[in-house]
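Structural overview for review
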Amino acid sequence: MSQQLSDRYNPAEVEGRTYQWWESSGYFKAQDQSTKPPFSIILPPPNVTGFLHMGHALDHTIQDILIRWKRMNGYNAMWLPGTDHAGIATQSVVERELKKDGVTRHDLGREKFVEKVWEWKHQYGDRIYSQMRRLGDSCDWDRAVFTLDEGVSKAVRKVFVTLHKKGLIYRGQRLVNWSGPLETAISDLEVEHKQVKGSLYHISYPIEGTQETVTVATTRPETMLGDTALCVHPEDERYKHLIGKNAIIPLINRKIKVIADTYVDKSFGSGVVKITPAHDFNDYKIGKAHNLEFINILTKKAELNENAGQYKGLKVQEARKRILEDLKALNFLVKEEPHVHSVGHCSRSGAVVEPFLSEQWFVKMEQLATPAKRVVESGTIRFEPESWTKVYLHWMNNIEDWCISRQLWWGHRIPVWYCENCEHQTVSETDVTACEKCGNTKIHQDEDVLDTWFSSGLWPFSTMGWPNDTETQKTFYPTNYLVTGHDIIFFWVARMIMLGLEFKRDVPFRTVYIHGLVRDSQGRKMSKSLGNSVDPVEMIEKYGADALRFTFSAHLYSGKDFKFSEQRLEGYRNFMNKIWNAARFALSNLQDFQVPAEGVKALPKQADISVFDQWIITKLAEVTKEVEEAMETERFSDAANALYHFIWNQFCDWYIEFTKPIMNGTNAEEKKATQLVIAQVLNRITRLLHPFAPFISEEIYQKLPIKGAACIVDQFPNTRNDKEFLSLGSAQAALEIDIVKEVITAIRNIRGENRISPATKINARLGVMNDQVQKILGNNKTAIMTMGRLENLDIGEEGNLMKCAVAPVVVKDASVKVIIPLEGLVDFDEEVKRINKTIEKLQKDITMLTGKLSNEKFIANADEDVVAADKALLAQSKIQLESLKDALTRFQ
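Everything numeric here is computed off the predicted structure, so don't read it as measured data.

**Considering the packing of aromatic side chains**
Scanning the model with the defined rule gives 38 aromatic pairs in all. On the basis of an interplanar angle of 40 degrees and a centroid distance of 5.3 Å, the ring pair of Phe 383 and Tyr 392 is categorised as tilted. Its relative accessible area of 0% is what places Tyr 392 among the buried residues. Here Phe 461 and Tyr 477 contribute two aromatic rings whose centre-to-centre distance is 6.2 Å and whose plane-to-plane angle is 85 degrees, an arrangement assigned as edge-to-face. With Phe 461 in helix H13 (residues 459-462) and Tyr 477 in the loop between helix H14 (471-476) and strand E22 (479-485), this pair connects stretches of sequence that are 16 residues apart. An aromatic cluster is built from Phe 550, Tyr 572, Phe 575, Tyr 644, Trp 648 and Phe 692, whose rings are joined through pairwise contacts. Sitting above the plane of the Phe 362 ring, Arg 174 keeps its charged end 5.1 Å from the centroid. Note that Arg 684 overlies the ring of Phe 725, its terminal NZ or CZ placed 4.3 Å from the centroid.

**Details of the sheet that holds strand E19 (residues 425-427)**
Pairing in this open sheet of three strands is antiparallel, and the strands run E19-E18-E20 from one edge to the other. The two strands at the open ends of the sheet, each matched to only one other strand, are E19 and strand E20 (443-445). Neighbouring strand axes in the sheet, compared pairwise and without regard to direction, differ in orientation by 25 degrees on average. As paired elements, strand E18 (residues 416-419) and E20 share three bridges and run antiparallel to each other. In the sheet register, Cys 419 faces E20, and the bridge partner there is Ile 443. Where helix H7 (residues 150-165) meets the sheet, its contacts fall on E18, E19 and E20, and the angle it forms with E19 comes to roughly 125 degrees.

**Observations concerning the pattern of salt bridges**
Per the counting criterion, the structure on display carries 51 salt bridges. Across the pair Lys 100 and Glu 97 runs a salt bridge whose closest N-O atoms are separated by 3.1 Å. On the criterion of helical spacing, the pair formed by Lys 100 and Glu 97 is a turn pair, its members being three residues apart in helix H3 (residues 87-100). Residues Glu 119 and Lys 116 are paired through a salt bridge, measuring 4.0 Å at the closest nitrogen-oxygen approach. Here the residue Glu 119 and the residue Lys 116 both occupy positions in helix H5 (residues 110-124), the gap between them amounting to three residues, near one helical turn. For Glu 119, a relative accessible area of 47% puts it in the partly exposed group. Look at Lys 116 and you get partly exposed, because its relative accessible area is 35%. Among the ionic contacts, a cluster of salt bridges with common partners joins Glu 13, Arg 17, Glu 699 and Lys 703.

What counts and what doesn't
Residues numbered from 1 in each chain as written. Predicted model: local features only at pLDDT ≥ 70, side-chain atom pairs only at ≥ 80, totals over all residues. Heavy atoms only, no water. Phe/Tyr/Trp six-rings, centres within 6.5 Å; stacked < 30°, edge-to-face > 60°. Buried < 20%, exposed > 50% of the residue type's maximum accessible area, 1.4 Å probe, protein only. Helix = DSSP H or I, 4+ residues; strand = E, 2+ residues; numbered from the N terminus. Lys NZ or Arg CZ within 6 Å of the ring centre and 35° of its normal. Pairing = 2+ DSSP bridges. Axes fitted to C-alpha atoms, helices over the stretch in contact; angles between N-to-C directions. Contact = heavy atoms within 4.5 Å. Salt bridge = Lys/Arg side-chain N within 4 Å of Asp/Glu carboxyl O.

In structure tokens form, the structure reads like this:
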């Protein structure tokens, strides 16, 4: 006997309770030692400062689908969660809090400040975990790791010391991205490039000993104070005579050489480029190649220093203003023109990022990159979609050394100690109290911390206890999947591959699944400034976690950006309600059902099951195979959409309706067989649905008469493990009911098109020539009349079609003409007017859609599902147009 579901589905009531039960029951836990095959995913660690955003929600949904699916397929599935200390982000948050009380980190000192950050972390650092639980993330929470945990810190130090001993980590002066307000180097990922309306300033540089001048264009005139050369193309006839001569920098009168390099584009601007090696990444390379002087004109606060002469102490913008005034006054400013260009801004402080020459720690990348390229080229690591392989390899082939030091206080402090006596550097995995060379105790540790990505690069194995030799690593390393966005392929994915190969002698994962960004419905990137960002937790509270997850799942095309709209979310909320109501109705028909001892293996007698039962089992077999194949090839949207159409269109809309007469009928054996089929099909629906919509599927599953302990750990249906039940289906039965279904649909469509009340019983004829099809329709006459609300139904001759609505039905080789006499039901004059209006509208729609679909730009930029929908609508509109023209001839 089945239990009953409440009148309506209330996600808020179900989700928290169900999640707590799963977690307390230990269903998320994996075993370090197990006879089950292992499957593992490491969660890309969100920032400890973070809130769950739509990008996380998409990323986590994919991982949870994989983990739940594999768990149900009998794998020892481990999803390891964690958070990242997020050096700059976290330090900035705490500094802002201190600022409210008028305190700076320097007032507190390093030790006290770090204590404050830890206090903040303990108070707020795990809030994203509770939000992940809201989404349904089935992580093995006992394994959660933080990037500053003791074990990870031990791994970080070992890696640093080992790479340093190998000569792969070094300290040197190089150009880096610099944030003045934060007083630290930052990674490329923390630089946001914005289009800025600025100016292009054309400045005149005199040539020493001549009356000649050359004009140089720049968007950053203040950098001229750090120029160490002017550069021309060696084959530029205009300037060949100047090569080797000196130019004079205006305002400061410093001499610089005119050099030649093919880097310069002769056709761009004046053909003369100023070279400022200490403040421009391209100029840095030129400076190295030509052995130029590197003159740094900035302080760590991004103010001008003593090398800037009279402009010392000014902030960049103020210096620019003063320099331009002086250039104008002395006639060195040739012209100024409006110029829109891309300017890097610090994502944390909002300040303009300055290229800055400073002493930093670096990792040599070339040696580490070689094996990391090989494993991708050989297919040991696979990118999905495959197109990202080329992007990855291109970057690896052009890789530069990695700046790993940050001028912060929060993070993994660099494990290097400087001797104040002999200046020796002691590099150690453990804290030291004396110089390893001279024994002097007057030593101090490097003030810098490591780039956050350094500890993240070790994530697949540091989270599993490395450098200790653990059972976790033996079982779960390498992991199976990394699911991430394309924006961190270089910052994180590549570094994990390099460090995994270097320290574990194996790849960190087998497949890198790259998903797109979540954008708004207009395709714009979500941002607070645009006011179009969406809080997934708010969406969960409004629509339920399953609706949000299914929205992602149904539109998840690998590598493609996802356009989110609340309208879509409403649609999938309606789908959840549809499932709930159908399950509730089905369960109400199982009140007197006697559960067989064999449970899920119980089979009805073939002789007792109806043609409708055979039809739904055939459709179940089809969708099971479709989902199975889609999941195995990471086509998650195909799997989700196949389930959607089966559950909504086949099970809810048709099968339940078809079986009502059996449930209310007098044939006890047939009813008993159909009850068993309903119970078994519902059981399989919940299991198939579970990875995509875990909460509602578990709640319904628990009320089923045939079930195990929990849906989350029950077997995922596939065509191999469910052969016996699925073999009860029949291709012939499926064809029969598909014909009947299409005939009923045609009758209902005619009712709708002609605005005939559902309460009015009508007459119908089915024009059919084929004897076999006539027999099928005759056998199902009662169902057609009941569900089509017919008074009379004739099967055979078409008869006179005048004043009739006609709808052709074609299912495979079967052809049926559905004919409804309309005399007395409609006003033909009004119908002719309506049809003409509709024809006019359809013709406009067809013209518009044809134009749209012949536009190459639209095809290239639109979502695949949008293009497919438009193509389907065009085809449908053309058919409808022909049908209406045909109707006109019969109505007039």
